Amino acid sequence: MVQVRQMVRCRVRITGAVQGVGFRPYIYRLATGLMLKGWVRNTSFGVEIEVEGERSSVEEFLRLLPERRPPLSSIYGMDVQMLPPVGYGDFEIVESSEETGARVAILPDIATCQECLSEMRDPEDRRYRYPFINCTNCGPRFTIIERLPYDRKNTTMRTFTMCPRCLEEYNDPGNRRFHAQPNACGECGPQIWLEDATGRVLARGDEALRACARAIRGGEVVAVKGLGGFHLMCLATSDKAVGRLREGKRRQEKPFAVMFRDVDTVEEYAYVSSEERRVLTGVERPIVLLRAKGGLSPLVSPNLKSVGAFLPYTPLHHLLLEEVGSPVVATSGNLTDEPMVIDNGEALIKLSSVASLFLMHNREIARRCDDSVCFVACGRRVMVRRARGFAPLPVPSPLPFDRPVLAVGGHLKNTVALAFDRAIYVFQHVGDLEHAEAADFFREAVEDVLSLFGVEPGVVVVDRHPGYYSRRYAIERFGDRIVEVQHHVAHVLSCACEAGLEDGFIGVALDGTGYGDDGSVWGGELFVVKGGLRRVMHLLPFRLAGGDRAVLEPYRSAVSLAMGAGVALPGRLVERVGGLRVTLVAQMLERGINTFTTTSAGRLFDGASSLAGVRDFATYEAQAAMEFEHAAVDEEVGAYPFKVSSVIDWRPAIARLVEDVEKGVPAGVISRRFHAGFAKALCDACLGLSGEFGVDRVLLSGGVFQNRLLLELLMPLLEASGLRVYVNQLVPVNDGGVSLGQAYYVAWRGRCA
Ligand code: ZN
Ligand code: ZN
Ligand code: FE
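What counts as what
Residues numbered from 1 in each chain as written. Chains lettered and ligands numbered in written order. Predicted model: local features only at pLDDT ≥ 70, side-chain atom pairs only at ≥ 80, totals over all residues. Heavy atoms only, no water. Helix = DSSP H or I, 4+ residues; strand = E, 2+ residues; numbered from the N terminus. Rg over C-alpha atoms; globule rule 2.2 N^0.38 Å. Buried < 20%, exposed > 50% of the residue type's maximum accessible area, 1.4 Å probe, protein only. Contact = heavy atoms within 4.5 Å. Donors = N, O, S within 2.8 Å, 3.2 Å for Na, K, Ca; no water. Tetrahedral: all angles 85-135°; square planar, octahedral: opposite > 155°, others 65-115°. Pairing = 2+ DSSP bridges. Axes fitted to C-alpha atoms, helices over the stretch in contact; angles between N-to-C directions. Core = buried A, V, L, I, M, F, W, Y, C linked by side-chain atoms within 4.5 Å. Salt bridge = Lys/Arg side-chain N within 4 Å of Asp/Glu carboxyl O. Phe/Tyr/Trp six-rings, centres within 6.5 Å; stacked < 30°, edge-to-face > 60°. Lys NZ or Arg CZ within 6 Å of the ring centre and 35° of its normal. Parallel < 35°, antiparallel > 145°, perpendicular 65-115°, else oblique. Left-handed = near helix turned anticlockwise from the far one by under 90°.

1. Details of the overall build of the chain
So, point 1. Along the chain, the regular secondary structure elements total 23 helices and 30 strands.
So, point 2. Against the 2.2 N^0.38 benchmark of 27 Å for 753 residues, the chain shows a C-alpha radius of gyration of 26 Å, consistent with a compact globule.
So, point 3. With the principal axes as the frame, the chain shows a C-alpha extent of 80 × 60 × 60 Å.
So, point 4. The proportion of buried residues among the 753 residues of the chain is 63%.
So, point 5. Considering only intrachain contacts with a sequence separation of at least 6, the fraction spanning at least 24 residues in the chain is 73%.

Encoded structure:
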């Protein structure tokens, strides 16, 4: 087959000071200079652009856009979506859209800009090495705002009185700190100091920073107060330091993120494509999951081939990383999966079992905001966790809301969203509502969302699962205004909303768990939306024994899949897990004791992982599936046969998989064959549905699409079949995106249901 030059369409939404500064003509020149087609227009959010052309030219456009922007413009957020081409004929500046006055009232936190960094590194500058330097283009926003409007007196900066020199900058329209609300300097602004675990102050200012860096270099674990909470930090190259952090944090194997001083250093430890470089260095500075080259402690991401890399995003981080001189693990300051600590006193109490030193500062954090996480697959940024840098920027809705809608999300990786007019504001990652602290944070988040915007919701959307805390709380708090949305419908609609679609598509929702309309556990669902929504296909259901224990005990899925496929369990699996356990689970399944029916794709991958000998017991959700993915060999080695009819039947694939295991085929080959077979089955299913229903768009959503290998196998297959593919790029593809889909449902059902 001849490799055709790949055409892509790219939608860019820029939030910032981009109107009235020559931005649209600038975009016109940049786009036409690169032979790109499309359009640019002003919106109530800033500027919206679509460019279409060769992938390399589009990438070049995205790289140059922030670099060469007009001098008076500022970019506070730049959301990029790769979409199927539509065939524009030329490039034009189009009239502003009629979007209603949903101005962006609250900005996200913005990474330190180049000018501030230069000043901070200039010994002659009055802010030399000042860890809180900022300007109109950068600095804290969302994490310091207590109420609107965004004025200094309504932020946690109100306790600092600007010195005459800072005040002069603040009042001078020609100054780059004109009306920069967090403006400060070493004389008048926040300060840092270092404490030991008893709260004794050891050093202040620059000496505190140097002493903290020395401790990190010496292998200590330290707690560092940042923008949206505390981080726990230690040397990422030291097994001893990372081991100590794991022990203290009681987190066995779930991967840690690593902060690198700059992008060149990242490249010493990981492969970085041009798209990944752009995402890493963007104003949002998310954690980007990259392919690791090695060099870090294996305890950073055990049994995975990836590293979650990010760059410094506050002046304090820049100074610290420069001083340490090596990559540093920077993980949320909390114990196991609680929300991250934001208060100095609380940090001493909660983190002193793991951190020996505390780098504190006296600017209060108004609201918690974790680091965001994403990865790039097939040139698209796929969101995993949306918080700092992105929240609470809105996602435009293709349909208007006639009254405010609050959506309270799911249960795991919870987020809350508020919709009004034509925008859906998705707030920051809350977390897993299993924990009492996370439930507290969830209630705070709900009140926070409503009070910040001063809105009373007319409709409140919840998941259908009767056990979800978010649902129970919402019913108690807003009993008379509740609307239920099925979990996977919400997943699909989150993707539809992002893509700007109302009707005429296939939705593929693959994830771990979701309450189905029939009361069983869904998680491998195909919908067709055409003048209404129908569940048209799903994975062949299987039984699981022991309720939620299957999540952390993938061998339970393995036993069930093997029984379902009518094959004997691999002898080695029985040896590893123990005959007693296997027999017990098999008996429960046979007699139907404490079992439930599921179509979960997550559990299918867990079970395949265990059958292949990769992992039988997990220490965190999806670990088995992740390690299975990462085990896969890079080359094509064939595909297991799934059968596609009215269901996607995994039995022939599982039978072949077990056959391979018994033959001694390596797990890497088995993994690749399983992924390739499953991708092909999904593609066949979509092609069939496309023909039957006359739709050619395929929307992918749900936590299983955090599997990059699956995406990279599936998307080209679908595209080569002439289908147009969409995946979540703005909100998390996992349950963090459910709130967006729930909110959109309310506007959408009037039109389509
Ligand atoms: Zn700045
Ligand atoms: Zn000052
Ligand atoms: Fe889900």
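2. Observations concerning the coordination of the zinc ion (ligand 1)
So, point 1. The zinc ion (ligand 1) binds to the protein through C113 (SG), C116 (SG), C135 (SG) and C138 (SG); the donor distances cover 2.3 Å.
So, point 2. Every donor counted, the four donor atoms about the zinc ion (ligand 1) form angles of 104 to 116° at the centre, which fits tetrahedral coordination.
So, point 3. All donors of the zinc ion (ligand 1) come from a single chain, and their spacing in sequence reads C-x2-C-x18-C-x2-C.
So, point 4. When its relative accessible area of 0% is taken as the criterion, C116 is described as buried.

3. Focus on the side chain of S397
So, point 1. With respect to the element layout, S397 can be found in strand β18 (residues 394-407).
So, point 2. Note on S397: relative accessible area 5%, which makes it buried.
So, point 3. Ignoring anything within four residues of it in the chain, the contact list for S397 reads R422, A423, I424, C497 and Y744.

4. Some words on the coordination of the zinc ion (ligand 2)
So, point 1. Within the first shell, the zinc ion (ligand 2) binds the protein through C163 (SG), C166 (SG), C185 (SG) and C188 (SG), at distances of 2.2 to 2.3 Å.
So, point 2. Summarised as a motif, the one-chain spacing of the donors to the zinc ion (ligand 2) is C-x2-C-x18-C-x2-C. Within this pair, whereas C166 is found in helix α4 (residues 164-171), its partner C185 is found in the loop between α4 and β6 (192-196), the two being separated by 19 residues in sequence.

5. Comments concerning the sheet that holds strand β4 (residues 74-83)
So, point 1. On the basis of which strands lie adjacent, the open sheet formed by five strands has the order β4-β1-β3-β2-β5 and mixed pairing. In this open sheet, the two edge strands, each paired with only one partner strand, are β4 and β5 (91-93). The average undirected angle you get between the axes of adjacent strands in this sheet is 15°.
So, point 2. As paired elements, strand β2 (residues 37-43) and β5 share three bridges and run parallel to each other. When the sheet's bridge partners are listed, V40 is paired in β5 with I93.

6. Re the sheet that holds β18
So, point 1. Pairing in this open sheet of four strands is mixed, and the strands run β19-β18-β20-β21 from one edge to the other. The open sheet terminates on both sides in strands that have one partner only, identified here as β19 (417-426) and β21 (482-485). The average undirected angle you get between the axes of adjacent strands in this sheet is 65°.
So, point 2. With three bridges connecting them, β18 and strand β20 (residues 459-463) associate as parallel partners. In the strand pairing of β20, A407 is matched with V461.
So, point 3. Lying on the sheet, helix α12 (residues 469-478) is in contact with β18, β20 and β21; it crosses β20 at an angle near 155°.
So, point 4. Lying over the sheet, helix α13 (residues 487-499) contacts β18, β19, β20 and β21, oriented at roughly 130° with respect to β18.

7. Some points on the nonpolar core
Among soluble globular proteins, nonpolar side chains are generally buried collectively.
So, point 1. Ranked by size, the top nonpolar core spans 164 residues in total, and within it V508, F674 and L700 carry the most contacts.
So, point 2. Among the elements that take part in this core, helix α21 (residues 667-693) stands out by supplying 12 residues, more than any other.
So, point 3. In contact with V508, not counting residues within four places along its chain, are V492, E525, L526, L682, C686, V698, L699, L700, S701 and F705.
So, point 4. Of all hydrophobic cores here, the second largest spans 40 residues; its members include V483, V485, V489 and A490.

8. Section: the pairing of strand β24 (residues 533-538)
So, point 1. Bridge count between strand β23 (residues 521-529) and β24: five bridges; the pairing is antiparallel. Paired with V528 across the two strands is R534, which belongs to β24.

9. Quick look at the pattern of salt bridges
So, point 1. Applying the stated criterion across every chain, the model contains 55 salt bridges.
So, point 2. With a closest N to O distance of 3.1 Å, D696 and R724 form a salt bridge. Of this pair, D696 sits in the loop between α21 and β29 (697-701) while R724 is found in strand β30 (residues 724-727), placing the two residues 28 residues apart along the sequence.
So, point 3. Of the residues examined, D696 reaches a relative accessible area of 29% and is grouped as partly exposed.

10. Quick word on the packing of aromatic side chains
So, point 1. Throughout the structure, instances matching the rule amount to 21 aromatic pairs.
So, point 2. Both rings, one in F260 and one in Y269, keep their centres 5.6 Å apart while their planes meet at 45°; by these two values the pair is tilted. The exposure classification of F260 matches that of Y269, with both residues buried.
So, point 3. What links up through ring pairs into an aromatic cluster is the set F142, F420, Y425, F427 and F453.
So, point 4. In this structure, R368 packs its charged tip against the face of F441, placed 4.5 Å from the ring centre.

11. Re the packing of helix α2 (residues 55-67) against helix α8 (residues 274-281)
So, point 1. It is at 11 Å that the axes of α2 and α8 come closest, and there the two elements cross at 20°. Classed by the angle they form, the pair α2 and α8 counts as roughly parallel. At the point where α2 passes α8, the crossing takes the left-handed sense. The residues of α8 that touch α2, namely those facing R55, E59, L62 and R63, are S274, E275 and R278.

12. Quick look at the pairing of strand β22 (residues 505-515)
So, point 1. With respect to burial, β22 is a largely interior element, nine of its 11 residues being buried.
So, point 2. Bridging between β22 and β23 involves eight bridges; their strand directions are antiparallel. Across the sheet, G514 pairs through a bridge with W522, a residue of β23.
So, point 3. Hairpin connection of β22 to β23: five residues between the antiparallel strands, including G519 at a positive phi of 85°.
So, point 4. Looking at chain direction, β22 and β29 are connected through four bridges and run parallel. Across the sheet, residue I506 finds its bridge partner in β29, namely V698.

13. Section: unusual backbone geometry
So, point 1. Residue P149 follows L148 across a cis peptide bond; omega there is 0°.
So, point 2. Looking at the secondary structure, you find P149 in the loop between α3 (114-120) and α4.
So, point 3. With an omega of 0°, the peptide bond running from A391 to P392 counts as cis.
So, point 4. Within the secondary structure, P392 is located in the loop between β17 (380-385) and β18.
So, point 5. Unlike most non-glycine residues, K413 shows phi in positive territory, near 50°.
So, point 6. On the secondary structure map, K413 appears in the loop between β18 and β19.
So, point 7. The class for K413 is partly exposed, based on a relative accessible area of 25%.

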